[in-house]
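# Chains, contacts and geometry: an overview
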Amino acid sequence: MKVAMSKVFDQIIRLIKKNPVLFLIMLLALALRIIGVYPGYPTYHPDEGTSYGRAVTMLFNHLKPDFFDYPPGMAFINLVIFLNVFIPLSFLKLILINLDKFTELLKHIDEPYYFAITLKEYIFGPRLIYAYYWSRYISAIFGISTVYLVYVAGRRLFNKKTGLFAAFFLAVNYRHVLGSTLGLPDVYQALFGLLALIVSIVILNNNSLKSYLLGGIVAGIYSTLKYQVIAFLPVVTAHILYAFNKRNVSYLFNRYIIFAGLAMIITFFFINPYYLIDFKKAFPESTMDVRRYQMGILAFRPYHYFYLFHFALNELPTLAIIAGVIMGLFRRFQQSLLLLSFALPFLFMMMIWSNGGIYSRNFVTVIPFLLIFAGYFFSLILNQLGSRVGQWSVGIIVVLLLLVNYKGIINSSLMAYSFSRPWNSSVLEKWLLNTLPPNTTVRTYPLSGMEQEVLRDLKSNGRTIVSWDYDKGTHTLSDFQDEGVDFAILNTHTLQNPTYGWKSQLLPQVLFSYNTVPFDYIENGFFGLSIREFRQYTVYESYKSWQAFEEAGYLVFKIPPKPHELGERVMRIGFDTKDQKLEIKGMYLTVPPQVDWDAGSLSLRGGQLATSRVVFPPVKITPGKLYTVKGFIKNARRGSDLQLEGYLRIDFYKDAKQETVEKTSLAVAISNTVPIDETWYEVTAGMVAPVNSTYMTVSFQRRETLGKSYVDDIEVFQTDKLPNEPFKQIPYIKSTIPVESLYWDSFT
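The present account deals with the structure reproduced in this document. Quantities reported herein were computed from a predicted structural model and do not represent experimental measurements. (Residues numbered from 1 in each chain as written. Predicted model: local features only at pLDDT ≥ 70, side-chain atom pairs only at ≥ 80, totals over all residues. Heavy atoms only, no water.)

Counting its secondary structure elements, the protein contains 32 helices and 19 strands. A compact globule built from 748 residues would reach a C-alpha radius of gyration of about 27 Å, and the protein, at 30 Å, matches this within 12%. Relative to its full complement of 748 residues, the protein shows a buried share of 55%. Sequence separation of 24 or more characterises 79% of the internal contacts of the protein that already satisfy a separation of 6 or more. Positive and negative side-chain charges of the protein, numbering 70 and 55 respectively, have mean locations separated by a distance of 13 Å. (Helix = DSSP H or I, 4+ residues; strand = E, 2+ residues; numbered from the N terminus. Rg over C-alpha atoms; globule rule 2.2 N^0.38 Å. Buried < 20%, exposed > 50% of the residue type's maximum accessible area, 1.4 Å probe, protein only. Contact = heavy atoms within 4.5 Å. Lys, Arg positive; Asp, Glu negative; His and termini not counted. Charge placed at Lys NZ, Arg CZ, Asp CG, Glu CD.)

Right, dumping it as C-alpha cells:
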C-alpha cells in the first residue's frame, strides 16, 4: 500500500514539475470553488434536491427516481460517489465518534422500518444535510475537473498555450465558479460535454470503433443530465470531417456512427430505465421543461445576449472569444468547426429556439467551449509578441490576461469569500431575538433558512407576525402605518420575483444601452419605489455582496407613525377644468399612457411601462418639514389577478430644473394602493423633506399598465410638528446595502 501511494505521489510531483503553470491554475480553480461551498448558499434552491435528495431516494427505491422533470443522471452519478466515498466515511465516523448511536441502531436491526429511517438520518444527516454538502463538494470537484478538460481540449485542438490560457479564463470565470458551488447539473453537463469533444478529436485524427462507442456512451451520460443530445453533435461532426478528409463519401454511412448512436441510446436507458417502465408518468413530467422554457418558439430575446456579454463572460473575454472564433475559422477551420458543433447549437437552443437562457445557470455548460476560443486568440497574441519583443512577451501576456479577466477575478473572489461567511439568516436571527421588542406587530417576507425554534421565539412575548407578500395584500409604508405595523422585514431573495420584468419589458435598444442592471427603471416601478421609501427607515441590515446573490439578504424597517395633524395646505389640484398643467414622465415612453379629464377627475390608462406617470408642477418646499399628499383614487373593474392598483407619489429634488426632475429623486414616498372595484378611496403619503431638497413633485402612477384608474382632489400639506419616534432604543441607521445586492442580474 505504501509503495503504491509513493508511486502515485511521485507521479503527481513529476506532473507538477512538467507543467507548473497548469498546476497553479488548478490550485486557483480549486480555491475559488471550494472556499464558498461551506456554509455556502442556504439549502433552499428549488432544483438542488435533484442532485442529493433524488440520489438518496434512488438508493432506497431500487434506483427509481421520484420525479422525471430532470433525468436522473446527476443523481445516479452522485449515488455512485456516495456509495464509494461518502457513505463509507460516514459509517466510519458513526462507529468511531458516535459509537453509542451505532450500538443503539444495531439493537433495532430486526425492525426494518425503524432501522432504515434511523440509519438514513445517521448517515445522511437531519433533512439530508450531509448529502446536501456532499453534492456541493462533488459539483466543486467536477468544476475543477472541467478546468483541466478545457486545457486538454484546447491543447489537442490548437496548442498547449491555448489550453493553458483557456484553463485560466475558465478558472476565474464568475458564472462557472458560481455554478460549481451549487449541486446543479450544469457543471456536470460541461464536464461530459467536454469529454465528448475530446473523444471527437480522437475520432477526427484516428478513428476506431472503440472511440465511437466511447463518444456515444459519454453523449448518453450527458443526455441523462438534462433531456439534451447536443453532446452527440461533435461526434457526428468529427465523423463527417473524417469522411471529408479521406474523400470517402460512403464512409458517412459507416456502421461506427450507427453503433455510437445506439451506445448513446442504450446508455440513456441503462441509467434511466424507469423512463420506459413508468412512461405515463415520466413523459408528462419531462415535457414540463418544454413548456417552461418555451421550446419551439423562435424569438430574439435580448436579455440573453445582455447577460452573456456583461456578466456570464464579461465584456473583454467576450471580445477575445469573437476574435478567436474568427481567427480559428480562418486558420484552423476543422478544429474550430468541431468546437462550434457543440457551442452554436447549444446557444441557439437556449437563446433563440427557447427561453432557457432566462435561467442563466444554463450558460455554465457552454462557457468552457467558448473560452477555448479566447485561449486560442491569446495564444496568437503571444506568438506575435514573441516575434516582436522576445523575452518580454510572457510578462506582457500575463498582464493582459489579468486585465481582461479583472472582473471575473474580483467577482469570483468576492463570491467565494461571501459564501464562506455565516448565512445572513443566522446573523439576523441573533439580532431579532436580542433586539425586537415584545408586544409588537411585525410584517415579514418569508424568513428562509431560519430554524423553527427561532420562529417560535419570535412569536412569543406578545409579538404578532404577519405575512408580507409581494404577490398579494398591502405593500406600502402608508398601508403598514394604517395597520399599526411596528416593524417590517424584507427578504431580498423573494423581492426578485416582482422586479425582474425588465429582462423582457425593455426594448433591445434600451437594454443594450446599459452595462448593468437598469436600476433606475426598477426603482421607478411600484416595488422599487416602495423599497426606496422603506429604506429611509432602516434599523438593521444583513446582506452580502451581489456576487453571492443566490443568498437572501434581510432589511429590517421601523415603521414611523402618521402625523396627527397635516398642517397647512400648500397645494390643491381639483381637476375642475381641463387646463390643469401636467406632464407625462417615465422611463422610455415608446407608448405613453392616455390621460383624460373625466367628469371632474383625471383618468390614466394604457401605456407600455408601469414606470409611466402623470407629474404635476413642482412645489417649493422647506427642508426638515413634514409633507403629506392626500387624494382620492378609483380603479375601473377588469379581469386581472391584481387586487390593488393606483397610487400617489411624492419626490423631493434639490431644484426644479428639467434635467434634475428627470433623474432619480433624492427621496420618495408613495401612498397606499386601492381595490379595483369602481369605488373612490382616500389615500395619503408623506415624509420629512431631506436636508438638501428645495422642491417636491406629486405624481399619479399605477402598478400595471392594464385597465383604467382615476384620481381627484389632490392636496399637499406641510407641518413642523413631527410625530414622536417609536422605540427610540432601536435607532434608524443609514441603509448601506447597494442596489446591486437588492436587484440581482440573474436567475439560477
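Turning to helix H11 (residues 209-223), a few remarks are in order. For H11, spanning 15 residues, the distance from its first C-alpha to its last is 21 Å, which sits close to the expected 21 Å at 1.5 Å a residue. Those residues of H11 that sit buried are Ser211, Tyr212, Gly215, Gly216, Val218, Ala219, Gly220, Ile221, Tyr222 and Ser223. (Expected span 1.5 Å × (residues − 1).)

What follows concerns the packing of aromatic side chains. Evaluation of the coordinates by the stated rule reveals 50 aromatic pairs. Ring plane angle 25 degrees and centroid distance 4.3 Å describe the contact between Phe158 and Tyr376, whose orientation is recorded as stacked. Here Tyr376 lies in helix H20 (residues 367-389) and Phe158 lies in the loop between helix H7 (129-157) and helix H8 (160-171), a separation of 218 residues in the sequence. Here Phe158 matches Tyr376 in class, with each residue buried. Considering the side-chain rings of Phe165 and Phe378, the 6.2 Å spacing of their centres and the 65 degrees angle between planes classify their relative orientation as edge-to-face. Of this pair, Phe165 sits in helix H8 while Phe378 sits in helix H20, placing them 213 residues apart in sequence. (Phe/Tyr/Trp six-rings, centres within 6.5 Å; stacked < 30°, edge-to-face > 60°.)

Structurally, Val249 can be placed in the loop between helix H12 (233-245) and helix H13 (255-271). It is 61 Å that separates the C-alpha atoms of Val249 and Pro738, two residues lying 489 residues apart in sequence.

Among the structural elements, Ile77 can be located in helix H4 (residues 73-97). For Ile77, a relative accessible area of 13% translates into the label buried. Between the C-alpha atom of Ile77 and that of Asp520, which follows or precedes it by 443 residues, the distance is 45 Å. Non-local contacts of Ile77, meaning those with residues more than four positions away in its chain, are made with Phe142, Tyr188, Phe192, Ile221 and Leu225.

Here we take up H8. The end-to-end C-alpha distance of H8, which contains 12 residues, comes to 16 Å, matching closely the 16 Å that a straight helix rising 1.5 Å per residue would cover. Burial within H8 is extensive, with 10 of its 12 residues counted as buried. All of the buried residues along H8 are Thr162, Gly163, Leu164, Phe165, Ala166, Ala167, Phe168, Phe169, Leu170 and Ala171. Near the N-terminus of H8, the side chain that reaches the backbone nitrogen of Lys161, with its oxygen 3.2 Å away, is that of Asn159. (Polar contact = N/O pair within 3.5 Å; in protein donor to acceptor, adjacent residues only side chain to side chain.)

A word on the nonpolar core. Core analysis: the biggest nonpolar cluster contains 191 residues, and Phe82 and Leu197 have the highest contact counts within it. Beyond its immediate chain neighbours, meaning those up to four positions away, Leu197 contacts Ala153, Leu157, Pro234, Leu338, Leu339, Phe369 and Ile372. (Core = buried A, V, L, I, M, F, W, Y, C linked by side-chain atoms within 4.5 Å.)

The next thing to look at is the pairing of strand S19 (residues 708-719). Burial of S19 is extensive: 11 of the 12 residues sit out of reach of the surface. Bridging between strand S6 (residues 568-573) and S19 involves 5 bridges; their strand directions are antiparallel. Each bridged residue has a counterpart across the sheet, and for Glu568 the counterpart in S19 is Gln718. Relative to S19, strand S9 (residues 601-605) runs antiparallel, the two being bridged by 4 bridges. Residue Leu602 lies in a different strand from S19, and its bridge partner there is Val711. Relative to S19, strand S12 (residues 626-635) runs antiparallel, the two sharing 9 bridges. (Pairing = 2+ DSSP bridges.)

A few words now on the pattern of salt bridges. Within this structure, the stated rule accounts for 24 salt bridges. In this structure, Arg569 engages Glu715 in a salt bridge whose closest nitrogen and oxygen atoms are separated by 2.6 Å. Highlighted residues: Arg569 in strand S6 and Glu715 in strand S19, separated in sequence by 146 residues. Put simply, Glu583 and Lys585 hold a salt bridge, and the shortest N to O gap is 3.8 Å. When its relative accessible area of 38% is taken as the criterion, Glu583 is described as partly exposed. The class of Lys585 is buried, set by a relative accessible area of 5%. One network of salt bridges, with partners in common, ties together Asp47, Asp186, Lys226 and Arg361. (Salt bridge = Lys/Arg side-chain N within 4 Å of Asp/Glu carboxyl O.)

With that settled, the discussion passes to unusual backbone geometry. Of note, the amide linkage connecting Tyr38 to Pro39 takes the cis form, showing an omega dihedral of -10 degrees. In this structure, Arg127 takes a positive phi of about 55 degrees despite not being glycine. Examined against the element boundaries, Arg127 turns out to sit in the loop between helix H6 (112-124) and H7.

Here we take up a nonpolar patch on the surface. Together, Val85, Leu89, Leu92, Ile95, Leu96, Ile97 and Leu99 make up a nonpolar patch on the protein surface, roughly 670 Å² of accessible area in all. The biggest single contributor to the nonpolar patch is H4, with 6 residues. Mapped onto the fold, Leu92 is located in helix H4. (Patch = residues over 30% accessible without salt bridge, like charges linked within 9 Å, V, L, I, M, F, W, Y side chains within 5 Å. Areas by Shrake-Rupley, 256 points an atom, 1.4 Å probe, with all protein chains shown as cover.)

This part takes up the sheet that holds strand S1 (residues 441-444). Read across the sheet, 5 strands follow the order S2-S1-S3-S5-S4 without closing on themselves; strand pairing throughout is mixed. Whereas interior strands pair on both sides, the edge strands pair on one side only; in this sheet they are strand S2 (464-467) and strand S4 (538-542). Across the sheet, the mean angle from the axis of one strand to that of its neighbour is 20 degrees, orientation sign disregarded. Pairing between S1 and strand S3 (residues 487-491): 3 bridges, direction parallel. Bridging from a neighbouring strand, Arg443 pairs with Ala488 of S3. (Axes fitted to C-alpha atoms, helices over the stretch in contact; angles between N-to-C directions.)

What follows is about a positive patch on the surface. A contiguous patch of positive charge, built from Lys18, Arg155, Arg156 and Lys160, is present on the exposed surface. On the secondary structure map, Lys18 appears in helix H1 (residues 2-18). A relative accessible area of 67% means that Lys18 is categorised as exposed.

Direction vectors running N to C along helix H18 (residues 315-331) and H20 enclose 75 degrees, while the axes themselves pass 7 Å from each other. Taken together, the axis directions place H18 and H20 in an arrangement best described as roughly perpendicular. Judged by residue contacts, Pro317, Ala320, Ile321, Ala323, Gly324, Val325, Met327, Gly328 and Arg331 of H18 engage Leu370, Leu371, Phe373, Ala374, Tyr376, Phe377, Phe378 and Leu380 from H20. Counted by class, the contact of H18 with H20 contains 14 nonpolar, 2 polar and 1 charged residues. (Parallel < 35°, antiparallel > 145°, perpendicular 65-115°, else oblique. Nonpolar A, V, L, I, M, F, W, Y, C, P; charged D, E, K, R; others polar.)

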